[in-house]
Amino acid sequence: MEATEPLLDAAAIGDLVLLDPLSEDSLLRTLRERFRRGDIYTYIGNVVISVNPYQPLPIYTPEKVQEYHNCNFFAVKPHIYAIADDAYRSLRDRDRDQCILITGESGAGKTEASKLVMSYVAAVCSKGEEVDKVKEQLLQSNPVLEAFGNAKTIRNDNSSRFGKYMDVEFDFKGEPLGGVISNYLLEKSRIVRHVKGERNFHIFYQLLAGGSAQLLQQLRLRQDCQHYPYLRGESCSLPGVDDAANFRAVQDAMSVIGFSPTEVTELLQVTAVVLKLGNVELSGSYQASGMEACSIAEPQELQEIGELIGLEPGTLEQALCSRTVKARDETVLTTLSVPQGYYGRDALAKNIYSRLFDWLVSRINTSIQVKPGKQRKVMGVLDIYGFEIFQDNGFEQFIINYCNEKLQQIFILLTLKEEQEEYVREGIQWTPVEFFDNSIICNLIENSKSGILAMLDEECLRPGVVNEDTFLTKLNLLFATHKHYESKETQNARRVMDTSLPPQCFRIHHYAGKVTYNVTGFIEKNNDLLFRDLSQAMWAARHPLLRSLFPEGDPQKASLKLPPTAGSQFKASVAMLMKNLYSKNPNYIRCIKPNETKAAMLFTPELVLAQVRYLGLMENVLVRRAGYAFRQLYGSFLERYKMLGSRTWPRWAGTDRAGAEALLQELAFPAEELAFGHTKIFIRSPRTLFDLERRRQERVVQLATLIQKMIRGWRCRTRYQLMRKSQIILSAWFRGHAQKNKYKQMKRSALLIQAYVRGWKVRRAYRRYFRAEASTRLASFIYRQLVQKFLMGLSRNLPPLAVMDRTWPPAPYKFLAAANQELRSIFYRWKCKKYREELPPQRKALLQTKLCASELFKDKKMLYPKSLQQPFHGKYLDLTQNPKYQKLHAVAKDKLVMADTVRKVNRANGKAVPRLLLLTTEHLILAEPKAAQPKTVLSLGDIRSVSVTRFSDGFLVLHLKETCTGAAKGDFLLVSDHLIELVTRLHQTLMDTSAQALVLHITDQFSTRSQKGDVAITVVESAKAGTNGPVCKKRGSHRMEVLVH
Ligand SMILES: Nc1ncnc2c1ncn2[C@@H]1O[C@H](COP(=O)(O)OP(=O)(O)OP(=O)(O)O)[C@@H](O)[C@H]1O
Ligand SMILES: [Mg+2]
């Protein structure tokens, strides 16, 4: 024991190739120790060994997927994801179709492994709406197929009862496009019979547990599974399995895949029919002829089946209870005995179900298939039923184990035999490793002339009495001395006593153990015959799906040719499968079952050892250790890695082998890592290959950068050159244009200079013929002529002399405009002067007075405009003519300037009284009208100022100087009808006599002096003002208001 203790820690031995010392015992120990630590995956090179943990492990999380995505195979812990990743990368990057072969006995974890591989690939390949749909459809095909094709067996609660090979197709980018599923021989005998402790296919239990009351009613089913003989067993439900939830999952999956609701209903109807067929009971009787006959014992079930599939119960009853036999040209209807009837019924149920399963697979294929024409790469995942050894093994086990035998053969061929043969062929030094080659067993079964399957077919087709005894006898005869064949007879012949081998059996020494097969049912199952009456009845049904399952039921297509036997069909499809697998790069997952009780983490060494032995793991390790992980033809090797060598890149001129040698020499790998065969290079450890790949990846990146660089450089260069060319063209045009302009300019200048020079020359030459300065003279002559003409014309055309006429002829030339304007104003002023000179003196004086009035009042007092029409008479009282005014006349004498009647306002009460007013060149005299004697005589020098209002009234105040004699009485408030004239004349008189201007206030507020003090006078615009002048209102003793309009 000590000697076999592994040197390395079990956890560190991820790859059994590293195991030292290598023995069965150390190998087993390592597997056990790793298993105990939860490391269920271990490598032998790139073969993954997976030991079923029988419990969920936390190693399939999305984080794990990320960890293994693009990982270095040997840098991470062994995992199924690593092999999936390796296969996927190899497919995507090296363009090699892959297949993943998952082998192991029933319950070893193949189906789980295949699902893990699929889900990993789905998780790492790119995402997108279309891609996700494809991925989802591919993944969802699993629950549907498992429901219909898996069942609980003694060895596995979810045992695959059919073989499945799924090709997942990818495009060149590694995105999944779709897939194709192939199914292999469903174990249909399970429909009608299953061993105690097992179950029928999951779908029946799922349908009954999960179908709604309405659905069950529609399918004419009852929820109680004990009601159905086909389902009877100890228990219908499985611990830890929720059939109802699974049924919902199956329904969801079908809708994801694209099943229409009608298709789902039809599928479930046919499933229900299969189940209900088991309830059709027959009762026996005898016909008059003494022939046995059978009939339906209870018509209810048949009636319901008829309703479900749209068929007359009578037709179905006839097909179940009788049989049409064709003898020469006659057809005879013979009755069936009860066992024959039951046989027919069960055959029908089995046939319907297995055909339904085939339909299901092809329906899924229709959804997931890839449109033709697309170039694709393929990854095949094979999950086939595992090797089985039961107490009682029948035809199905024989077929299943044959298939496993073939898979083992592939493994042996590719990993052990071919590999070793190749070393020898290639001239590599090699010590052969012994291994068990199972071709002999395969040959025993499948040899087309003398194999067991061929014998079985022969028996089935042989006319005369055919039964299993004759078949067994034949085998015993043929294989009497075969090492892998045993039966009671051959044992007897060899004088071997073995009670474990019953008479009706034969035993085959399979690679995985000896299996005893009971030949009972071999012929029947191989023939797989269905009475024609039954298939015709099914074809006659109105149910579209069921009808399509039985095309041979069409009487038009009836043929007497026997269909191929189940065994030969299976052999052919296995051969196809093998061919398919051989064409791809294999990746192995070898599943090991650690115990028989499905117990979590229980490791039974004997059981595992047996599997290690028959799986040939020891030999695998040995070959792997001594052998080379990788080989490739020199040509392809050089093509792939030539960029790593300076001599081989970019072109190698010599032979491929010399190139590979030169390259590897340059890369300096240890010599023991490499071997040079005749046509291929061999690399010992995957590590070296990975190293090579890594270097290639890096170099490819460099080269890609180089190419990018060159392309970018080229692009920039061409762009630059184009721009430069364009720029040259542009600047050429521009310069040309500029030069042309410059030239034109120069030409113009030259011509000008030429003209001047020529002119100058000509002038110089002709000067003697011309007077100097003739042009100036001419110009001034012309000028003068024009002026003369203008002035003469003007004199002839003078406007009228009326002062108001301001017309004037325009200037004929622009240069005369200023002169013309000047002449116009001179003429106007002259006209005015002339007019003034012609005026008589009185009129002139009057106009002067008017002018003076305008200067004093224009725009200042509203009364002024009214005064314009008034002729200033001055003497409104005729002093000379009226004798009453003689005294006054005497006072005024010939100094009188103005005589008029005014109203004097009493300062005490505001009342106005009429007065005569005389203005002489020296005095202002006020007199009473009656007495006509001067009452007040004011010297003009005493008048300090005069105040008038802004309005159109005749109110005025004479402010007297304080020093004057009349001042004691105060200022005079007068109202005159000729106010403007009076004040103007007063001003003129003052100006004439004392050259002093009258101080005139035009205001709304002023104060006057009176005997009692100052009175503030406010002028108020009011409607109450009288029509004859303003109304003065006394307000208190010191205020007075003058109401005016
Ligand atoms: N990696 C795993 N982790 C946890 N449990 C697992 C694992 N692999 C398998 N099992 C358990 O083992 C059971 C059997 O596995 P599976 O159905 O894959 O076996 P199989 O090899 O396909 O058998 P058969 O040949 O009968 O179809 C699963 O139902 C599951 O409970
Ligand atoms: Mg399985």
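These remarks concern the structure in this document. Source: prediction; values computed, not measured. All residue numbers here refer to positions counted from 1 along the written sequence of the relevant chain. Following the order in which they are written, the chains are lettered starting with A and the ligands numbered starting with 1. Totals for whole chains, interfaces and linings use every residue, but because this is a predicted model, local features are given only for residues with pLDDT of at least 70 and side-chain atom pairs only at 80 or more, for both listing and counting. As a convention, hydrogens and water are excluded, and side-chain values are obtained from all of the structure's heavy atoms.

The numbering of helices and of strands both runs from the N terminus, where a helix is a DSSP run of H or I of at least 4 residues and a strand a run of E of at least 2. In terms of helices and strands, the protein carries 32 helices and 31 strands. The reference for a compact globule is 2.2 Å times residues^0.38; the radius of gyration itself is calculated from the C-alpha atoms. Taking 2.2 N^0.38 as the reference for a compact globule, 1045 residues should give roughly 31 Å; the C-alpha atoms of the protein span a radius of gyration of 68 Å, well beyond that estimate. For every residue, the accessible area (1.4 Å probe, protein chains only) is compared with the maximum for its type, and the residue is labelled buried under 20%, exposed over 50%, or partly exposed between those bounds. Split into buried and exposed, the 1045 residues of the protein put 49% on the buried side. The contact criterion used throughout is that any non-hydrogen atoms of two residues lie within 4.5 Å. Taking the contacts inside the protein whose residues are at least 6 apart along the sequence as the reference set, 63% of them involve residues at least 24 apart. With the model as given, the accessible surface of the protein reaches about 53,500 Å², and the carbon-plus-sulfur share is 55%. In this charge count, Lys and Arg are treated as positive and Asp and Glu as negative; neither His nor the chain ends contribute. We put the charge of a Lys on NZ, of an Arg on CZ, of an Asp on CG and of a Glu on CD. Both charge centroids of the protein, one from 145 positive and one from 110 negative side chains, sit 24 Å from each other. Only the protein chains shown count as cover for residues, and all accessible areas are computed by the Shrake-Rupley method using a 1.4 Å probe.

So, on to the coordination of the magnesium ion (ligand 2). Donor atoms from the polypeptide that bind the magnesium ion (ligand 2) are T111 (OG1) and S160 (OG), placed at 1.9 to 2.1 Å. With T111 in helix α4 (residues 110-124) and S160 in strand β5 (residues 159-160), this residue pair connects regions lying 49 residues apart in the sequence. The same class applies to T111 as to S160, namely buried. Keep in mind that water is not among the atoms, so a site may look incomplete; donors are the N, O and S atoms within 2.8 Å of the metal, or 3.2 Å for Na, K and Ca.

Next up on the list: the state of the cysteines. Put plainly, a disulfide is one covalent bond tying together the sulfur atoms of two cysteines. In this description, the term disulfide denotes a pair of cysteine sulfurs within 2.5 Å. The tally for this structure, following the rule as stated, stands at 1 disulfide. Covalent S-S linkage joins C225 and C236, the inter-sulfur distance amounting to 1.9 Å. Disulfide C225-C236: torsion about the S-S bond near 125°, hence right-handed. Taken together, the residues span a long stretch of sequence, with C225 in the loop between α7 (213-218) and α8 (243-257) and C236 in the loop between α7 and α8 at a distance of 11 residues. The pair C225 / C236 is uniform in exposure class, with both members buried.

Unfilled space is identified by rolling a water-sized probe across the atoms. A cavity, in this analysis, means grid points on a 1 Å lattice covering only the protein atoms where a 1.4 Å probe fits yet has no way out; a pocket is instead an open set bounded by protein on both sides within 12 Å along at least five of seven lines, and a residue lines either one if it has an atom within 4 Å of a point. Grid points are joined across faces, edges and corners, and a volume is the space filled by probe spheres set on the points. Here the largest pocket is characterised by a volume of approximately 1,900 Å³. As for the largest pocket, its lining consists of 49 residues, of which N527, D528, L529, L530 and P563 are closest to the centre. Counting only elements with at least two residues in the lining of the largest pocket, the list comes to β7 (176-184), β10 (322-327), α12 (338-368), α13 (395-426), α18 (522-527), α19 (532-540) and α21 (566-582). If you tally residues by element for the lining of the largest pocket, the top one is α12, at 7 residues. Its residues placed into classes, the lining of the largest pocket shows 20 nonpolar, 12 polar and 17 charged. Taken as a whole, the second largest pocket encloses approximately 1,600 Å³ of empty space. Every residue lining the second largest pocket is counted, 50 residues in all, and those nearest its centre are N46, R96, N585, A629 and F630. Elements with a contribution of two residues or more to the lining of the second largest pocket: α3 (80-94), α13, β16 (585-592), α23 (617-626), β17 (630-633), α24 (634-641) and α26 (686-766). Ranked by residue count, the leading element in the lining of the second largest pocket is α26, at 9 residues. Residues are sorted three ways: Asp, Glu, Lys and Arg are charged, Ala, Val, Leu, Ile, Met, Phe, Trp, Tyr, Cys and Pro are nonpolar, and all the rest, Gly among them, are polar.

This brings us to the site of ligand 1. Residues are labelled near a given molecule or strand when at least one of their non-hydrogen atoms is within 4 Å of it. Close to ligand 1 lie 19 residues, the nearest being S106, K110, T111, S159 and S160. Between ligand 1 and the protein, one listed contact pairs an oxygen atom with a side-chain N or O atom of S106 at 2.6 Å. Within the backbone of S160, a nitrogen or oxygen atom sits 2.7 Å from an oxygen atom of ligand 1. If ligand 1 stood free it would expose 620 Å²; the protein chains cover 87% of that surface. Going through the elements one at a time, α4 and β5 are the ones with two or more residues in the shell around ligand 1. Between N or O atoms, a polar contact is any pair within 3.5 Å; within protein, one atom must be a potential hydrogen donor and the other a potential acceptor, and residues adjacent in sequence are included only when both atoms are from side chains.

In this structure, P650 follows W649 across a cis peptide bond, with omega equal to 0°. Although it is not a glycine, D95 sits at a positive phi angle of roughly 60°. Of note, D95 is situated in the loop between α3 and β3 (98-103). Look at R220: it is not a glycine, yet its phi comes out positive at around 55°. Turning to its location among the elements, R220 is positioned in the loop between α7 and α8.

A word on a nonpolar patch on the surface. The grouping of L752, I753, Y756, V757 and W760 at the surface amounts to a nonpolar patch, some 550 Å² of accessible area in total. Structurally, L752 can be placed in helix α26. Excluding any residue in a salt bridge, patches collect residues exceeding 30% relative accessible area, merging like charges within 9 Å and nonpolar Val, Leu, Ile, Met, Phe, Trp and Tyr side chains within 5 Å. Take a side-chain nitrogen of Lys or Arg and a carboxyl oxygen of Asp or Glu: if they are within 4 Å of each other, that pair is a salt bridge.

Quick look at the sheet that holds strand β6 (residues 163-170) now. One bridge is not enough; two strands pair if DSSP finds at least two bridges between them. Pairing is mixed across the open sheet formed by 7 strands, whose spatial order is β1-β2-β16-β3-β12-β6-β7. The sheet is open, and its two borders are formed by β1 (41-44) and β7, each paired with just one other strand. In this sheet, neighbouring strand axes are inclined to one another by 20° on average, regardless of whether the strands run parallel or antiparallel. Note: β3 against β16, 6 bridges, orientation parallel. Counted as the bridge partner of C99 is P586 from β16. In this analysis, axes come from line fits to C-alpha atoms, helices being fitted only over the stretch in contact, and the angle between any two N-to-C directions falls in the range 0 to 180 degrees.

Here 6 bridges tie strand β14 (residues 505-510) to strand β15 (residues 513-518), and the two strands are oriented antiparallel to one another. Across the sheet, the residue bridging to C505 is N518, located in β15. A loop of 2 residues connects β14 with β15, the two strands running antiparallel in sequence.

A few words now on empty space enclosed by the protein. Here the structure, examined in full by the defined rule, presents 5 cavities of 30 Å³ or more. Each pocket or cavity is described by its volume, and for the largest cavity that value is around 100 Å³. Lining of the largest cavity is provided by 13 residues; of these, M118, V121, A122, L138 and V168 occupy positions nearest its centre. Of all elements in the fold, only α4, α5 (129-149), β6 and β12 (377-383) reach the threshold of two or more residues within the lining of the largest cavity. In terms of residue count, the dominant contributor to the lining of the largest cavity is α4 (4 residues).

A few words now on helix α10 (residues 299-309). Within the sequence span of α10, burial applies to E301, L302, E304, I305, G306, L308 and I309. In this fold, the buried residues of α10 make contact with α7, α9 (261-277), β9 (292-296), α11 (313-321), α19 and α20 (544-549). Positioned one or two residues after α10, G310 has a phi angle of 65°, which is positive.

Here helix α14 (residues 439-446) has its buried residues at I441, C442, L444, I445 and E446. Among the structural elements, α13, α15 (452-461), β13 (485-487), β14 and α21 are those in contact with the buried residues of α14.

Attention now moves to the packing of aromatic side chains. Given two aromatic rings, one states the distance between the centres and the angle between the planes to describe the pair. For Phe, Tyr and Trp, rings pair up if their centres lie within 6.5 Å, where Trp contributes its six-membered ring, and each pair is then called stacked (planes under 30 degrees apart), edge-to-face (over 60) or tilted (otherwise). Taken as a whole, this structure holds 35 aromatic pairs when the rule is applied. An aromatic cluster is defined as three or more aromatic residues linked by ring pairs; in this entry it consists of F395, F398, F471, F479, Y485, F506, Y517 and F522. Against the face of F259 rests R363, its NZ or CZ located 5.0 Å from the ring centre. Here, a charge over a ring means that NZ of Lys or CZ of Arg falls within 6 Å of the ring centre while also lying within 35 degrees of the ring normal. Its end group placed over the ring of Y828, R806 keeps NZ or CZ at 4.0 Å from the ring centre.

Backbone hydrogen bonds are what pair the strands of a sheet, in a parallel or an antiparallel way. Taken in spatial order, the 8 strands of this open sheet run β23-β22-β21-β20-β26-β25-β24-β27, and their pairing is mixed. Edge strands, defined here as strands with exactly one partner in the open sheet, are β23 (934-939) and β27 (1000-1002). Taking the axes of each pair of neighbouring strands and ignoring which way they run, one obtains an average angle of 30° across the sheet. Judged from the 5 bridges that link them, strand β24 (residues 943-948) and strand β25 (residues 955-960) form a sheet pairing that is antiparallel. For V946, the partnering residue across the bridge sits in β25 and is L958. Across the sheet, helix α32 (residues 979-994) is in contact with β20 (896-905), β21 (912-920), β22 (923-927), β24, β25, β26 (972-976) and β27; its angle to β21 comes to roughly 35°.

Bringing the packing of α13 against α14 into the picture now. Closest axis-to-axis distance for the α13/α14 pair is 9 Å, and the angle between their directions is 140°. Classed by the angle they form, the pair α13 and α14 counts as oblique. Viewed along their axes, α13 and α14 form a crossing whose handedness is left-handed. Taking contact as the criterion, the partners of F398, Y402, E405, K406 and Q409 in α13 are, on α14, S439, I441, C442, I445 and E446. Looking at side-chain class alone, the contact of α13 with α14 contains 5 nonpolar, 2 polar and 3 charged residues. Note on angle classes: values under 35 degrees are labelled roughly parallel, values over 145 roughly antiparallel, values of 65 to 115 roughly perpendicular, and the remainder oblique. Each crossing gets its handedness from the near helix: less than a right angle anticlockwise from the far helix is left-handed, clockwise is right-handed.

We now examine the pairing of β16. The side chains of a regular strand alternate between both faces of the sheet. Of all the 8 residues making up β16, 7 are buried; the element is thus mostly covered by neighbouring parts of the structure. One ladder, built from 4 bridges, connects strand β2 (residues 47-51) with β16; its direction is parallel. Considered in β16, the bridge of I49 is made with R590.

Let us now look at the packing of α9 against α10. Closest axis-to-axis distance for the α9/α10 pair is 10 Å, and the angle between their directions is 165°. Taken together, the axes of α9 and α10 are roughly antiparallel relative to one another. The crossing of α9 and α10 is left-handed. Across from Q269, A272, V273, K276 and L277 in α9, the residues of α10 making contact are E301, E304, I305, L308 and I309.

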